[in-house]
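Observations on the model geometry
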Amino acid sequence: MFEDVNVGDYLPELVKYPDNRQLVMYAGASQDFVAIHYDLNVAKEAGHPNVIIHGALKSAWLGELVTGWIGPEGRLLELDVSYRAIDFPGDTATCVGKVIDARIEDGVGLVEIEIGLRNPEGAISTPGRALASLPTRSAT
Amino acid sequence: MTTSVSPDDTVISEELRSFIDLESNAVTYEIERHAVERFACAIGDTNPFYTNKKFAESSSYGGLIAPPTFFRSLLPGDYPLPYPEPFAHILDGGSKYRYNEPVRVGDQITVVRKITDLFEKDGRMGTMLFKISEISYTNQEGRLVATQTTTTITYGTGAKDSGVGNH
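Calculation notes
- Residues numbered from 1 in each chain as written.
- Chains lettered and ligands numbered in written order.
- Predicted model: local features only at pLDDT ≥ 70, side-chain atom pairs only at ≥ 80, totals over all residues.
- Heavy atoms only, no water.
- Helix = DSSP H or I, 4+ residues; strand = E, 2+ residues; numbered from the N terminus.
- Buried < 20%, exposed > 50% of the residue type's maximum accessible area, 1.4 Å probe, protein only.
- Salt bridge = Lys/Arg side-chain N within 4 Å of Asp/Glu carboxyl O.
- Contact = heavy atoms within 4.5 Å.
- Buried area = accessible area lost by both parts, 1.4 Å probe.
- Polar contact = N/O pair within 3.5 Å; in protein donor to acceptor, adjacent residues only side chain to side chain.
- Nonpolar A, V, L, I, M, F, W, Y, C, P; charged D, E, K, R; others polar.
- Pairing = 2+ DSSP bridges.

Before going further, it helps to spend a moment on the overall build of chain B. Of regular secondary structure, chain B possesses three helices and six strands. Traced from its N-terminal end to its C-terminal end, chain B shows the element sequence β-α-β-α-α-β-β-β-β. Seen along its three principal axes, the alpha-carbon backbone of chain B occupies a region of about 60 × 30 × 25 Å. Counting every position in chain B, which comprises 167 residues, the buried fraction comes to 45%.

The structure is reproduced here in structure tokens:
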């Protein structure tokens, strides 16, 4: 419920353990066959030390972070993700989120969330934001 | 640090610039249950709204839906002319999704992409071309269900990576 959310609340962290197999699965499922995600030689030619995780796979995890938290009655309205740094299979990826605004607009409870993917060094490689609606007690 | 590129050195030719606002050929996809299942499995999202028909039918959605980034699998069509990509390597810069309603299994989703901006910067990898594209997703009833705005970065010479030019 919207009324149960407070600005400053943290979302439960979502931890992912990506491996090469998952990158290949994602390449097939998303039709993204850019070779830096599965061919080490091509990744090195492009300047990377290893194959890199698809940015869009990281945004899928951040989407899961938010949709899991808002639950079946919530609706994801906006998802913005920026791939500032690359991430690698074998590294733990932790999706984090924090409520930065909660407001009612036209009778709809809206929650804005700062989201990000934290790498093993503790840096946010992939910052973003999401906007979601949540049911309100007054509306039920 | 990045600096902007002087007009004399630009890779943004008149031909490349002519692609701004040009719409890709529309492609319509039927949202197929097993494609959604495969996608949910690949991203590792076990939410039953994507895979459990009975559960989804009894929910507020009334049926199976697709994950929010499932749109990535609905590739836009080609532009009417071949896109003259000047670089060999590609990086995804990010995406901004706006959702009006969920995509349901069985929907027919029409995808159209257009480039809204092209600019370049000098960085660690040399000159990098930034391409901003807007992709629209419209359902079988003509309603715009979502948009995705993407930033695609290309750079470097040599053998072109597969998929460069498709994103």
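Let us look at the pattern of salt bridges. All names here are of chain B. Enumeration according to the criterion identifies 17 salt bridges over all chains in this entry. Arg 72 is paired through a salt bridge with Asp 92; the nearest N and O atoms lie 3.4 Å apart. Taken together, the residues span a long stretch of sequence, with Arg 72 in the loop between α3 (53-57) and β3 (89-99) and Asp 92 in strand β3 at a distance of 20 residues. When its relative accessible area of 13% is taken as the criterion, Arg 72 is described as buried. Since its relative accessible area comes to 23%, Asp 92 is described here as partly exposed. Between Arg 143 and Glu 101 there is a salt bridge, and its shortest N-O distance comes to 2.7 Å.

Bringing unusual backbone geometry into the picture now. Positive phi outside glycine occurs at Asp106(A), with the angle close to 50 degrees. Within the secondary structure, Asp106(A) is located in the loop between β3 (93-105) and β4 (108-118). Non-glycine residue Asp21(B) carries a positive phi angle of around 75 degrees.

Moving on to the interface of chain B and chain A. Taken residue by residue, the interface counts 33 residues in chain B and 39 residues in chain A. Interface area for chain B against chain A, summed over the two sides, is near 2900 Å², with a carbon-plus-sulfur share of 54%. Considering only the surface of chain B that becomes buried against chain A, Ala42(B), Ile43(B) and Tyr99(B) emerge as the three largest contributors, covering 17% of it. Summed over the shared surface of chain B and chain A, the number is two salt bridges. On inspection of chain B and its partner chain A, the count reaches 14 residue pairs in polar contact (both at pLDDT 80 or more). Those elements giving two or more residues to the side of chain B that touches chain A turn out to be α2 (33-43) and β3 of chain B. Examining the composition of the side of chain B that touches chain A, we find that 11 residues originate from one element, β3(B), more than from any other. Split by residue class, the side of chain B that touches chain A holds 15 nonpolar, 11 polar and seven charged. Bridge count for strand β2 (residues 75-82) of chain A against β3(B) is five bridges, and the pairing is antiparallel. The residue of β3(B) that forms the bridge with Ser82(A) is Gly94(B).

No statement about biological role is implied by the geometric values presented.
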